[in-house]
Amino acid sequence: MPAMSAQNGQPSSLPGSGAGRGSSPLSVVLRPSPASTWALLAQEHFDATPIGDRAHRATLAVVRGDGSVPLAPDAPVAPDAPDAPVVMTGHQLEWWHAGILAKFLAGDALATRAAKGGAGPSRRFQRLWAAVDQDDNDPGVLRVPVVRAGGPGGASPGVVEWNVFTSRAPAGHAPIGFRPVSGVSPVPALEPGARAASGVAEERLSDLRDRLARGAGAGVSLADQIARAICPAGWSYLRASDLLRWSPARSLVAQMASDARACAGAYNQAVRERPEAGLTLLSVPTSDDEIELPLWVVERAGGGKGATPEGGFVRRKALVRDLRRWLDAAPNAAATDGPALAPRALLMTTILRWWACDLFIHGLGGEVYDPVMEAWLAEWLGGGGGKSPRLAPAVTVSATLRLRFDGLENSQLPTLEDVTGASWTAHRARHDPALLDDPSAVERKRALVAQIASLRSRARRDSGARAERRALYRELHALLDASRRSHADALESLTRRAALARERLEEARLLSDRTWWWALHAPADLERLRREIESAAGA
């Protein structure tokens, strides 16, 4: 399962759930089907990639354990190139839910299948996570599910927030890869009458705190500190903010700067053609220097509006002049020496799928936006007679796994569907005698509605028909008023039920939430998820 080892609490692989109100069934997304072909896709891409192109990977610094290491340092290598396919995924530095974990478990399943010889020659697949540290997300709070005593059912779900770090920058300011490491706060004690919703919570949270504290001494940024704590066993990671220092990526940035108008025009065309991706257009003014390109500039915060505390960094959209200035600087210049560049989403997956891997595992979001990237490159680099890049194949993996709230499996807490249904029934019953078990009123209402409908056309031109129709409407309303009076107690009961359901809506949301940190799930549920993904992948 994302079998977490007792020592480090990190997932070694892929994971499942129970029934009842305290948990929900597992569902897994694996596209395209069958997933059993994915290992072969990766192997075929690797075999078709020239040795010279694969050689780039040997220069891509990744992090495993306590320091930077070349990819697959302990594996046999062809001349200057890793001799095994690379499976990649990417995600932000945060407390992943089971849907994100599923991507890593899929990578583990592919590696397991390859080790059994299912991908042709038996080779150990490399697994690499692109840590999206150029994002300005806030990982400062980890939500801890609890069960509190009291309430109509004797117990109810709740949440306690752990402010994980002793210092915290608000989201929307410095990218997480440019924030300093931080002290780690104690795991919060629970108030009297509350207990952790999961039997493994205390151990998992304590273990995470220990790993974050160790990472404060080893990491160079808050992103590194978190990445070292959450990177799954068997995986390495790279910092996405470092990608543009890589030789092939830097060459692509130079090409974008020299061909900015065509590049931005093709990008915008692809975005317009796929509005469902929700991507924004690049600004393309008349001045070439002012053309926007899909990168971030990360620089020291100034003293103006929106500045961060002294020593902090901010990010802004990159213009051509920023790319030229960056290209003129030393290739390995850090943001402390001057503005740094970092890729935005489409450029990041371009680099990763073009040079860094043989199979890329997307989640549901990437599945929507990555076709925009493919269309952009095809138009920019292919449509004008240039060479359209050969990209690694991409697949989609996600999962929904509801947390099992221990002790609430058989509770009478409403689900979100219950709340919606109770409110709809209470409202609808005032207009539908069938919900009040009033058959005579049902028949009369049906007849009146039919008569009113039959007069619709005539009423447009016949005042007599209009008057008759108004009289029928009055009779219909009187019928419904009488039915409400006759069944006032039933209506009141439905109204009270709906009000109670609304009052407990937040509790229902907690039970239905799929975004709890994956490590808080019961080991048996995670094991079920792992087995399902492994089975689909043919591992």
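Structure first, text after, so check above.
Reading guide: rules and limits
Residues numbered from 1 in each chain as written. Predicted model: local features only at pLDDT ≥ 70, side-chain atom pairs only at ≥ 80, totals over all residues. Heavy atoms only, no water. Helix = DSSP H or I, 4+ residues; strand = E, 2+ residues; numbered from the N terminus. Buried < 20%, exposed > 50% of the residue type's maximum accessible area, 1.4 Å probe, protein only. Areas by Shrake-Rupley, 256 points an atom, 1.4 Å probe, with all protein chains shown as cover. Salt bridge = Lys/Arg side-chain N within 4 Å of Asp/Glu carboxyl O. Pairing = 2+ DSSP bridges. Axes fitted to C-alpha atoms, helices over the stretch in contact; angles between N-to-C directions. Contact = heavy atoms within 4.5 Å. Expected span 1.5 Å × (residues − 1). Bend = angle between axes of the 7 residues up to and from the residue. Core = buried A, V, L, I, M, F, W, Y, C linked by side-chain atoms within 4.5 Å. Phe/Tyr/Trp six-rings, centres within 6.5 Å; stacked < 30°, edge-to-face > 60°. Lys NZ or Arg CZ within 6 Å of the ring centre and 35° of its normal.

Asker: Describe the overall build of the protein chain, with residues and values.
Answerer: Within the protein chain one finds 17 helices and 16 strands. Here the protein chain holds 539 residues, and 50% of them are scored as buried. As presented, the protein chain carries roughly 23,300 Å² of accessible surface, and 52% of it is formed by carbon and sulfur atoms.

Asker: Could you give an account of helix H5 (residues 222-230), with specific residues and numbers?
Answerer: The buried fraction of H5 amounts to nine of the nine residues, a majority that puts the element mostly inside the structure. Restricting attention to buried positions, one finds in H5 the residues Leu222, Ala223, Asp224, Gln225, Ile226, Ala227, Arg228, Ala229 and Ile230.

Asker: Tell me about the pattern of salt bridges, and name the residues and values.
Answerer: Applying the stated criterion to the full structure yields 31 salt bridges. Between Asp358 and Arg57 there is a salt bridge whose closest N-O contact spans 2.7 Å. Placement of the pair is Asp358 in the loop between helix H9 (345-356) and strand S15 (359-362) and Arg57 in the loop between helix H2 (51-54) and strand S2 (62-64), with a sequence separation of 301 residues. In this structure, Asp358 and Arg57 share a single accessibility class: buried. The partner of Glu527 in a salt bridge is Arg531, and the shortest N-O contact between them spans 3.6 Å. Of this pair, Glu527 and Arg531 both sit in helix H17 (residues 523-537), four residues apart, which is roughly one turn of that helix. On the basis of relative accessibility, which here comes to 46%, the residue Arg531 falls in the partly exposed class. Through salt bridges with shared partners, one network takes in Glu299, Arg316, Asp322 and Arg325.

Asker: Lay out the sheet that holds strand S13 (residues 313-319) with the relevant residues and their values.
Answerer: Reading across from one edge, S13-S12-S14 is the order of the three strands in this open sheet, with antiparallel pairing throughout. Lying at the two open borders of the sheet, with one neighbouring strand each, are S13 and strand S14 (340-343). If you compare each strand with its neighbour and ignore which way they point, the axes differ by 35° on average. The pairing of strand S12 (residues 292-300) with S14 spans four bridges and is antiparallel. What sits directly across from Trp296, in S14, is Ala342. Across the sheet, helix H8 (residues 320-328) is in contact with S12, S13 and S14; its angle to S13 comes to roughly 110°.

Asker: Can you break down helix H10 (residues 364-382) residue by residue, with the values?
Answerer: Between its first and last C-alpha atoms H10 spans 27 Å; for 19 residues at 1.5 Å apiece the expected length is 27 Å, and the two agree. Its maximal kink placed at Asp370, H10 deviates by approximately 25°, while the proline Pro371 follows within four residues. Within the sequence span of H10, burial applies to Gly366, Asp370, Val372, Met373, Ala375, Trp376, Leu377, Trp380 and Leu381. Of the surrounding elements, those touching the buried residues of H10 are helix H6 (247-258), helix H7 (260-273), S12, H9 and S15.

Asker: I'd love a proper account of the nonpolar core, names of residues and values included.
Answerer: Counting residues in each nonpolar core, the largest one holds 66 residues, and the members touching the most others are Trp95 and Trp129. Of all the elements, helix H3 (residues 98-115) adds the most residues to this core, at 10 residues. If near-sequence neighbours (up to four positions away) are discounted, Trp95 is found in contact with Pro139, Val141, Leu142, Val164, Phe165, Leu208, Leu212, Ile226, Ile230 and Trp517. Counting residues in each nonpolar core, the second largest holds 53 residues, with Ala260, Ala270, Leu293 and Val372 among its members.

Asker: Quick rundown of the packing of aromatic side chains? Include the residues and the values.
Answerer: In this structure the tally under the stated criterion is 10 aromatic pairs. Between Trp376 and Trp380, the aromatic rings sit 6.0 Å apart at their centres with planes inclined by 5°, giving stacked as the arrangement. Of the two residues, Trp376 and Trp380 are both situated in helix H10; the distance of four residues between them amounts to about one turn of the helix. For Trp380, a relative accessible area of 8% translates into the label buried. One aromatic cluster is present, formed by Trp96, Phe104, Trp129, Trp235 and Tyr237 through successive ring pairs. Lying across the ring of Phe46, Arg54 places its NZ or CZ 4.0 Å from the centre.

Asker: Kindly report on the sheet that holds strand S9 (residues 155-163), identifying the contributing residues and their values.
Answerer: Through backbone hydrogen bonds, the strands of a sheet pair up, either in parallel or in antiparallel fashion. One open sheet holds the three strands; their spatial order is S9-S8-S10, and the pairing between them is antiparallel. Each edge of the open sheet carries a strand with a single partner, namely S9 and strand S10 (194-196). Strand-to-strand twist across the sheet, computed as the mean angle between neighbouring axes with direction ignored, equals 40°. As judged from the nine bridges shared by strand S8 (residues 141-149) and S9, these two strands associate in the antiparallel manner. When the sheet's bridge partners are listed, Arg143 is paired in S9 with Glu161. Helix-sheet contacts for helix H16 (residues 505-512) involve S8 and S9, and the interaxial angle to S9 is about 70°.

Asker: How would you summarise the side chain of Thr89 if you had to cite specific residues and measurements?
Answerer: In this fold, Thr89 is placed in strand S6 (residues 86-92). Thr89 gets classed as buried once you look at its relative accessible area, which sits at 0%.

Function cannot be read off these values alone, since they describe shape.
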